[in-house]
Amino acid sequence: MTTAQAPISLYGFLRPKPERAREVRDLLASLVEPTRQEEGNLEYHLHAHDDGRLFLYEVWRSQEDLDRHNATPPLRAFLDNLLDFLEEAPEGYFDTMVSPYPWPEASSAKPARLR
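Enquirer: Outline the nonpolar core, supporting the account with residue identities and numerical values.
Expert: Counting residues in each nonpolar core, the largest one holds 13 residues, and the members touching the most others are Leu 14, Val 24, Leu 28 and Phe 78. Counting residues per element, the ones that place at least two in this core are helix H1 (21-36), strand E3 (54-60), helix H3 (73-80) and helix H4 (82-85). It is H1 that contributes the most residues to this core, 4 residues altogether. Those residues within four positions of Leu 14 in sequence are excluded, and the remaining contacts are Gly 52, Arg 53, Leu 54, Leu 56, Phe 78, Leu 82, Leu 86 and Pro 90.

In structure tokens, the structure reads:
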């Protein structure tokens, strides 16, 4: 019997150094579409807050898919030098998704625009 693995969620806030804010935002924004095309990516979103923080929300099919993503050269260069770009360590969370994914087609909880 095979048990499906629950998706992995990674989300959190990053506060770029003021002098690197545009660079960090541009770099992360440039990763959105390529990341969405990676095998195992289920969700990838970048949000900007008025106070300058950036919020990332990612969902991956498995830990292996996330590990493969984190090893890509552009992301690896950023992660290896993270504190050169940020004022403080990221406020990040790594969890297993509890809600069903994907939403059942007939789910009334699913927003109408996504049905």
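Enquirer: Break down the layout of surface pockets for me, citing the residues and quoting the values.
Expert: If a probe the size of a water molecule is rolled over the atoms, the empty space left behind becomes visible. Volume-wise, the largest pocket comes out at about 310 Å³. In terms of lining residues, the largest pocket is bounded by 19 residues, among which Leu 10, Leu 14, Leu 56, Glu 58 and Leu 79 are the most central. Breaking the lining of the largest pocket down by element, the ones donating at least two residues are strand E1 (8-14), E3, helix H2 (63-70), H3 and strand E4 (91-96). Sorting elements by how many residues they give to the lining of the largest pocket places E1 first, with 5 residues.

Enquirer: Could you give an account of the packing of H1 against H3, naming the residues involved and the relevant values?
Expert: Two numbers describe how H1 lies on H3: the axes approach to 11 Å, and their chain directions differ by 145°. The interaxial crossing formed by H1 with H3 has left-handed handedness. Contacts from Val 24, Leu 27, Leu 28 and Leu 31 in H1 reach Pro 74, Leu 75 and Phe 78 in H3. Residues of the contact of H1 with H3, tallied by class, amount to 7 nonpolar, no polar and no charged.

What counts and how
Residues numbered from 1 in each chain as written. Predicted model: local features only at pLDDT ≥ 70, side-chain atom pairs only at ≥ 80, totals over all residues. Heavy atoms only, no water. Core = buried A, V, L, I, M, F, W, Y, C linked by side-chain atoms within 4.5 Å. Buried < 20%, exposed > 50% of the residue type's maximum accessible area, 1.4 Å probe, protein only. Helix = DSSP H or I, 4+ residues; strand = E, 2+ residues; numbered from the N terminus. Contact = heavy atoms within 4.5 Å. 1 Å grid on protein atoms, 1.4 Å probe; cavity = no way out; pocket = protein on both sides within 12 Å on 5 of 7 lines; lining within 4 Å. Points joined across faces, edges and corners; volume = space filled by probe spheres on them. Axes fitted to C-alpha atoms, helices over the stretch in contact; angles between N-to-C directions. Left-handed = near helix turned anticlockwise from the far one by under 90°. Nonpolar A, V, L, I, M, F, W, Y, C, P; charged D, E, K, R; others polar.

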